[in-house]
Amino acid sequence: LAKTTQPISMDSYEGQEVNITCSHNNIATNDYITWYQQFPSQGPRFIIQGYKTKVTNEVASLFIPADRKSSTLSLPRVSLSDTAVYYCLVGAGSSASKIIFGSGTRLSIRP
Amino acid sequence: GAGVSQSPSNKVTEKGKDVELRCDPISGHTALYWYRQRLGQGLEFLIYFQGNSAPDKSGLPSDRFSAERTGESVSTLTIQRTQQEDSAVYLCASSLRNPRNEQFFGPGTRLTVL
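The following paragraphs examine the structure supplied in this document. These numbers come from a predicted model, not from an experiment.

With respect to the overall build of chain A
Looking only at helices and strands, chain A has 0 helices and 9 strands in total. Radius of gyration (C-alpha) of chain A: 13 Å, near the 13 Å computed for a compact globule of 111 residues. Looking at the 111 residues of chain A, the share that counts as buried comes to 48%. When contacts within chain A are restricted to residue pairs at least 6 apart in sequence, long-range pairs at least 24 apart make up 55% of them. Entry remark: accessible area of chain A is about 5,600 Å², with carbon and sulfur atoms responsible for 50%. When the 10 positive and 7 negative side-chain charges of chain A are each reduced to one mean point, those points stand 7 Å apart.

Thoughts on the packing of aromatic side chains
Summed over the entire model, instances satisfying the criterion amount to 7 aromatic pairs over all chains. Centroid distance Tyr36(A) to Phe105(B): 6.1 Å. Interplanar angle 85 degrees. Geometry classified as edge-to-face. Here Phe105(B) lies in strand E9 (residues 104–105) and Tyr36(A) lies in strand E3 (residues 32–38), a pairing that spans two chains. Classification of Tyr36(A) as buried rests on a relative accessible area of 2%. With relative accessibility at 13%, the residue Phe105(B) sits in the buried group. Note on Tyr35(B) and Phe105(B): the rings are 5.6 Å apart at their centroids and 35 degrees apart in plane angle, and the pair reads as tilted. Note that Tyr35(B) is positioned in strand E4 (residues 31–37) and Phe105(B) in strand E9, a separation of 70 residues in sequence. Classification of Tyr35(B) as buried rests on a relative accessible area of 1%. Cluster of aromatic residues (ring-pair linked, three or more members): Tyr36(A), Phe46(A), Tyr33(B), Tyr35(B), Phe45(B), Tyr48(B) and Phe105(B).

Re the pattern of salt bridges
Pairing between side chains becomes possible if they bear opposite charge and their charged atoms approach one another. The final tally for this structure, using the stated rule, is 5 salt bridges over all chains. Residue Asp11(A) is joined to Arg110(A) by a salt bridge in which the shortest nitrogen-to-oxygen separation is 3.4 Å. Placement of Asp11(A) in strand E1 (residues 9–13) and of Arg110(A) in strand E9 (residues 105–110) is noted, with a sequence separation of 99 residues between them. In this structure, the salt-bridge partner of Arg38(B) is Glu44(B), at a minimum N-O distance of 3.5 Å.

A few points about the sheet that holds E1(A)
Residue and element names in this part refer to chain A. Taking strand neighbours across the sheet as the criterion, the 5 strands line up as E1-E9-E8-E3-E4 in an open arrangement whose pairing is mixed. Every other strand in the sheet has two partners, leaving E1 and strand E4 (45–50) as the edge strands with one partner each. Between one strand axis and the next, the sheet turns through 25 degrees on average, direction left out of account. In terms of strand pairing, E3 meets strand E8 (residues 84–91) through 7 bridges, oriented antiparallel. Within E8, the residue paired with Gln-38 across the bridge is Val-85.

With respect to the pairing of E3(A)
Residues and elements named next belong to chain A. With 6 of its 7 residues buried, E3 lies for the most part within the structure. Taken together, the 5 bridges between E3 and E4 define a ladder with antiparallel strand orientation. Following the sheet pairing, Gln-37 is matched in E4 by Arg-45. Counted along the chain from E3 to the antiparallel partner E4, the turn is 6 residues long, and its residue Ser-41 has a positive phi close to 65 degrees.

Regarding the state of the cysteines
As enumerated under the stated definition, the model contains 2 disulfides over all chains in all. Paired by a disulfide, Cys22(A) and Cys88(A) hold their sulfur atoms 2.2 Å apart. With the S-S bond torsion at -80 degrees, the cross-link from Cys22(A) to Cys88(A) turns out left-handed. One end of the pair, Cys22(A), is in strand E2 (residues 18–23); the other, Cys88(A), is in strand E8, with 66 residues separating them in the sequence. The exposure class of Cys22(A) is buried, given its relative accessible area of 0%. On the basis of relative accessibility, which here comes to 0%, the residue Cys88(A) falls in the buried class. Residue Cys23(B) pairs covalently with Cys92(B) via a disulfide, S to S 1.8 Å. In this structure, the disulfide formed by Cys23(B) and Cys92(B) twists by about -65 degrees around the S-S bond and is classed as left-handed. Taken together, the residues Cys23(B) in strand E3 (residues 19–24) and Cys92(B) in strand E8 (residues 88–95) connect sequence positions 69 residues apart. Classification of Cys92(B) as buried rests on a relative accessible area of 0%.

Calculation rules
- Residues numbered from 1 in each chain as written.
- Chains lettered and ligands numbered in written order.
- Predicted model: local features only at pLDDT ≥ 70, side-chain atom pairs only at ≥ 80, totals over all residues.
- Heavy atoms only, no water.
- Helix = DSSP H or I, 4+ residues; strand = E, 2+ residues; numbered from the N terminus.
- Rg over C-alpha atoms; globule rule 2.2 N^0.38 Å.
- Buried < 20%, exposed > 50% of the residue type's maximum accessible area, 1.4 Å probe, protein only.
- Contact = heavy atoms within 4.5 Å.
- Areas by Shrake-Rupley, 256 points an atom, 1.4 Å probe, with all protein chains shown as cover.
- Lys, Arg positive; Asp, Glu negative; His and termini not counted.
- Charge placed at Lys NZ, Arg CZ, Asp CG, Glu CD.
- Phe/Tyr/Trp six-rings, centres within 6.5 Å; stacked < 30°, edge-to-face > 60°.
- Salt bridge = Lys/Arg side-chain N within 4 Å of Asp/Glu carboxyl O.
- Pairing = 2+ DSSP bridges.
- Axes fitted to C-alpha atoms, helices over the stretch in contact; angles between N-to-C directions.
- Disulfide = S-S within 2.5 Å.

Laid out in structure tokens, this is it:
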């Protein structure tokens, strides 16, 4: 199984750029990297997904180096509403049991 | 359109009782997942349904846990002879085809076993 390692928690301030790095040293060739966001008392919500290089959407960017052993979620100009838990997942399309939500990174944004 | 719905939103039961949790996925989504989330923890995969294929039950923690799905619609997670360690939020998600597709989560059912 492609296990992921993320920081347990991070703090930042409104208006800053936040980068959360996830390590996945044993990622397989056909694995994709996906990030989810979870607010208290809600189910997780998809943020972004990528396979290699860089992916950008309206809320975040995902940077994946050539060796794919890590990935970095970048949140530009965060606000208080970005306070949440962020999960990095690594897995392929066919097996749900091999896509593991770890403990995530608890991001706290301060005024 | 309607998202994933779950019922009940909260369930309090006594140790030893059976409970049934319901999930209504997004229409047209062939894949359905159940997860368990204990307080302050990440999500634990329980079971995965994909169309008419045999479900992936590899995450079920014991034989007290079972789940069914009717075609590509409603799913029910049943926990028999509940124990206090079963207390958690049970989350259901659906996706268009497979786990790599974006999973849409329901609000969860908070189960408390006294």
